[in-house]
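Single-letter residue listing:
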Amino acid sequence: MDKYNISTKDQYNSIYKDSITNPEEFWSEIASKNFIWKNKWDTVLKWDFKQAKVNWFQGAKLNITENCLDRHLQDNSEKTAIIFEPNNPKDSSEKITYRSLFERVCKMSNVLKEKGIKKGDRVCIYLPMIPELAISVLACARIGAIHSVIFAGFSSNALATRINDCGSRIVITSDGSYRGEKIIDLKGIVDDALSECKIVDTVLVVNRINSKINLVDGRDILLKPLLKNADKYCDAEIMDAEDPLFILYTSGSTGKPKGMVHSCAGYMVYTAYTFKNIFQYQPNNIYWCTADIGWITGHSYILYGPLANCATTIMFEGVPSYPDFGRFWDIVEKHKVNQFYTAPTAIRALAKQGIKHIIDKDISSLKVLGTVGEPINEEAWNWYDKNIGKNKCPIVDTWWQTETGGILISSIPGIIDSKPTFATFPFVGIQPVLMDSESNEIIDNDVVGRLCIKFPWPSIARTIWGNHQRYVNTYFSTFNNMYFTGDGAYRDADGNFRITGRVDDVIIVSGHNLGTAPIEDVINEHKNVAESAIVGFPHEIKGNALYGFVTLKDSSNVSDNTKDEINKLISDKIGPIAKLDKMQLTEALPKTRSGKIMRRILRKIAENDFDNLGDISTLLNPEAVEAIIKNNIR
Ligand code: WT7
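The rules behind each value
- Residues numbered from 1 in each chain as written.
- Predicted model: local features only at pLDDT ≥ 70, side-chain atom pairs only at ≥ 80, totals over all residues.
- Heavy atoms only, no water.
- Core = buried A, V, L, I, M, F, W, Y, C linked by side-chain atoms within 4.5 Å.
- Buried < 20%, exposed > 50% of the residue type's maximum accessible area, 1.4 Å probe, protein only.
- Helix = DSSP H or I, 4+ residues; strand = E, 2+ residues; numbered from the N terminus.
- Contact = heavy atoms within 4.5 Å.
- pLDDT = per-residue confidence, 0-100.
- Polar contact = N/O pair within 3.5 Å; in protein donor to acceptor, adjacent residues only side chain to side chain.
- Near = heavy atom within 4 Å.
- Areas by Shrake-Rupley, 256 points an atom, 1.4 Å probe, with all protein chains shown as cover.
- Nonpolar A, V, L, I, M, F, W, Y, C, P; charged D, E, K, R; others polar.
- Phe/Tyr/Trp six-rings, centres within 6.5 Å; stacked < 30°, edge-to-face > 60°.
- Axes fitted to C-alpha atoms, helices over the stretch in contact; angles between N-to-C directions.
- Parallel < 35°, antiparallel > 145°, perpendicular 65-115°, else oblique.
- Left-handed = near helix turned anticlockwise from the far one by under 90°.

A.B. asks: It is not clear to me how the nonpolar core should be interpreted in this structure. Could you clarify?
C.D. replies: One recurring pattern in soluble globular proteins: nonpolar side chains tend to sit buried together. Counting residues in each nonpolar core, the largest one holds 129 residues, and the members touching the most others are Trp 37, Phe 57, Leu 101 and Tyr 273. Broken down by element, the residue count for this core peaks at 10 residues, all from helix H9 (residues 264–278). In contact with Phe 57, other than residues within four places in its own chain, are Trp 27, Ser 28, Ala 31, Trp 41, Thr 43, Val 44, Ala 241, Ala 265, Gly 266, Val 269 and Pro 458. Residues Val 337, Ile 376, Ala 380 and Cys 393 belong to the second largest nonpolar core, which totals 26 residues.

A.B. asks: I would appreciate a short explanation of the side chain of Thr 398 in the present structure.
C.D. replies: Considering the arrangement of structural elements, one finds Thr 398 in the loop between strand S20 (395–397) and strand S21 (432–435). Since its relative accessible area comes to 2%, Thr 398 is described here as buried.

A.B. asks: How should I be thinking about the environment of Asp 444 in this particular structure?
C.D. replies: When you line up the elements, Asp 444 lands in the loop between strand S22 (441–442) and strand S23 (447–453). The exposure class of Asp 444 is exposed, given its relative accessible area of 51%. Between the C-alpha atom of Asp 444 and that of Asp 492, which follows or precedes it by 48 residues, the distance is 9.4 Å.

A.B. asks: Would you explain the confidence of the model for the chain in this entry?
C.D. replies: With 99% of its residues at a pLDDT of at least 70, the chain reaches an overall mean of 95. At the low end of the mean pLDDT range in the chain sits helix H15 (residues 516–524), at 89; at the high end sits helix H5 (residues 131–143), at 99.

A.B. asks: Please clarify how the side chain of Glu 317 should be interpreted in this entry.
C.D. replies: Summarising the element assignment, Glu 317 is placed in the loop between strand S17 (312–316) and helix H11 (327–335). Looking at Glu 317, its side chain comes within polar contact range of the side chain of Arg 208, at 2.8 Å. Not counting residues up to four positions away in its chain, the partners in contact with Glu 317 are Phe 84, Glu 85, Pro 86, Asn 87, Met 129, Ile 130, Tyr 178 and Arg 208.

A.B. asks: Is there a simple way to explain unusual backbone geometry in this structure?
C.D. replies: Among all residues save glycine, negative phi is the norm, and among peptide bonds the norm is trans. With an omega dihedral of 0 degrees, the bond running from Tyr 322 to Pro 323 counts as a cis peptide bond. Residue Cys 310 is not a glycine yet carries a positive backbone phi of 55 degrees. You can see Cys 310 is positioned in the loop between helix H10 (296–308) and S17. Note on Cys 310: relative accessible area 8%, which makes it buried.

A.B. asks: Is there a simple way to think about helix H14 (residues 468–476) in this case?
C.D. replies: An α-helix turns once per 3.6 residues; consequently, residues spaced three or four apart project the same way. Those residues of H14 lying buried are Arg 470, Tyr 471, Val 472, Tyr 475 and Phe 476. For H14, the secondary structure elements touched by its buried residues are strand S15 (258–263), strand S24 (463–464) and strand S25 (483–491).

A.B. asks: In this structure, what is going on with the site of the ligand? I would like to understand it.
C.D. replies: Contacts to the ligand come from 18 residues, most closely from Asp 397, Thr 398, Thr 402, Asp 487 and Arg 502. Between the ligand and the protein, one listed contact pairs a nitrogen atom with a backbone N or O atom of Pro 375 at 3.4 Å. One nitrogen or oxygen atom from the side chain of Asp 487 is found 2.6 Å from an oxygen atom belonging to the ligand. Look at the ligand: alone it shows 550 Å² of surface, and the protein chains cover 95% of it. Elements represented by at least two residues in the shell around the ligand include exactly H10 and strand S26 (497–502). Within the shell around the ligand, the residues separate by chemical class into seven nonpolar, six polar and five charged.

A.B. asks: So what exactly am I meant to see when it comes to the packing of aromatic side chains here?
C.D. replies: Between two aromatic rings, the relevant description is the distance of the centres plus the angle of the planes. Overall, the coordinates contain 47 aromatic pairs when judged by the stated rule. Ring geometry for Phe 151 versus Trp 295: centroids 4.6 Å apart, planes at 35 degrees, classification tilted. Placement of the pair is Phe 151 in the loop between strand S7 (146–149) and helix H6 (156–166) and Trp 295 in the loop between strand S16 (286–289) and H10, with a sequence separation of 144 residues. You can call Trp 295 partly exposed: its relative accessible area is 22%. With a centroid separation of 6.1 Å and an interplanar angle of 90 degrees, the aromatic rings of Tyr 270 and Phe 427 are classed as edge-to-face.

A.B. asks: Would you mind going over the packing of H6 against helix H7 (residues 186–194) with me for this structure?
C.D. replies: Describing two packed helices takes the angle between their axes plus the distance from one axis to the other. Running from N to C, H6 and H7 point in directions that differ by 55 degrees, and their axes come no closer than 8 Å. Here H7 runs oblique to H6, going by the angle between their axes. The interaxial crossing formed by H6 with H7 has right-handed handedness. Packed against H6, whose contacting residues are Ser 156, Leu 159, Ala 160 and Ile 163, the element H7 presents Ile 189, Val 190, Asp 192, Ala 193 and Leu 194 at the interface.

Shown next, in the form of structure tokens:
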């Protein structure tokens, strides 16, 4: 990445200028110099935000796995591609070389082909953070199948919804998973899900916990023997630049998750280029992102971005608290990690433990620290800077989304200074704007507004699987000719961006996006629930937590278990991450005269901010507010 390698502030400024005055030439240069193509493009960019149509590198032919694997075999076949660090520190870690990863991916590709999977077919992957997860993802990409990874913390119901939405006839899973001291019966969850998924005819099962696996005849097959017999070479399918590479679900403001579709070429170019520059990755560095591959961060910055750069990337199966809260620092010390990328919620949980788990660890290998997923508060930022970075590691606060495919706003180590709680500046090629409530672009600095992006970048999602109109409506109809992020932001006097949080019905809990509507829908399924409303409130570790206000059909019929039943329902239907931290049963919810629930007031109550409820006299039922305050659970 020579010409457009960002290594000084002046260079950033001049590259940024090039990238927006002549975006096509800019991206075309990056794409031609840094990747292998079977065929170059005819057109660099075609776009129309009104119809939500974006096309990059049209006419090009490629396979992303040739860029992530094959091309490294000549000079770097023995270099470690993935370091697998298991849940239990007593088990040994595994170093997978580029050669071995290539062969294992090919074998898996051949297994999938043998099961009839071909280009364009969807493959759902429901696996813990073990090598087979990375291998399955890459195998799909190799044969042109569209992978859809479903985070292994989701419930059977959430899994079934996603399998049915994308129409996958195959699921790759494992007998179970380890998470700290817990063992989770993944296969059991899959079995439950599949009772609602008639199209699935094949389940490939990885043996992880060595449990006795209940194999459904004619449907379930153990992977190990299949892989053993598979050929270790598989041709890479030739893909069009715009062919879908994967679908990844994200929650929205209705009950149905949105299957964001990313395409091959643009996604590859953008994730690889951002990875190299934002983490300032150097050839022999060891890079670790603690996310799960079930989220976009794992797709872009555990797998595709690092592997396209021939990096060494760590996959960690466990949790930060097992066997104790020193685990992250043990891993940093053990593998001499140079770049460490995690989420504010993890930083806060670790900070709460003080420094007792850090002082005896040698974490001096660290050079760059990263954070992602939600706004980071100043206290957590300072703790991270001081105790982990020892005040010498730049922190990159990277703002982006499942929909954006890669990082859009971030500082760059040694080039664009970090500023606590600010994501800082747009990456090259990115044109963020702030919009006011009258849909005008705000030109000044030191202002807040709604964050939009006014020009396409290569890794923008192309559509929502099966529902392009929803894609148009959600992202391109609020502001004319702009991609609307759903976030609010502040731009300071120098042009640094601080993301202030969601301005829609999504609440970010421990870095996970949760739509309030889908959770309310589930609560309302409880036989005695009439109505519910969920709002967020600040939480020391999770950033935000969920507070549910619930009205019952028959309040004389409240059993002691009602709240537990509601939380169990949420856990079963969505997943434990969506459980309510606080729940208040109430006679009525405050409504406007047109019958809309006044969430603004509920939010204030949840935040304990009773003095700023605003004018409640215009409500249909102001007495509901008084009753809620009177019975407030704290
Ligand atoms: C939402 C996207 C992109 C990877 C993980 C989340 C929030 C993300 C930051 C940050 C403040 C952030 C935004 C965004 N967010 N990164 N550095 N500072 N907020 O992906 O699940 O699609 O969530 O996460 O609100 O819109 P996602």
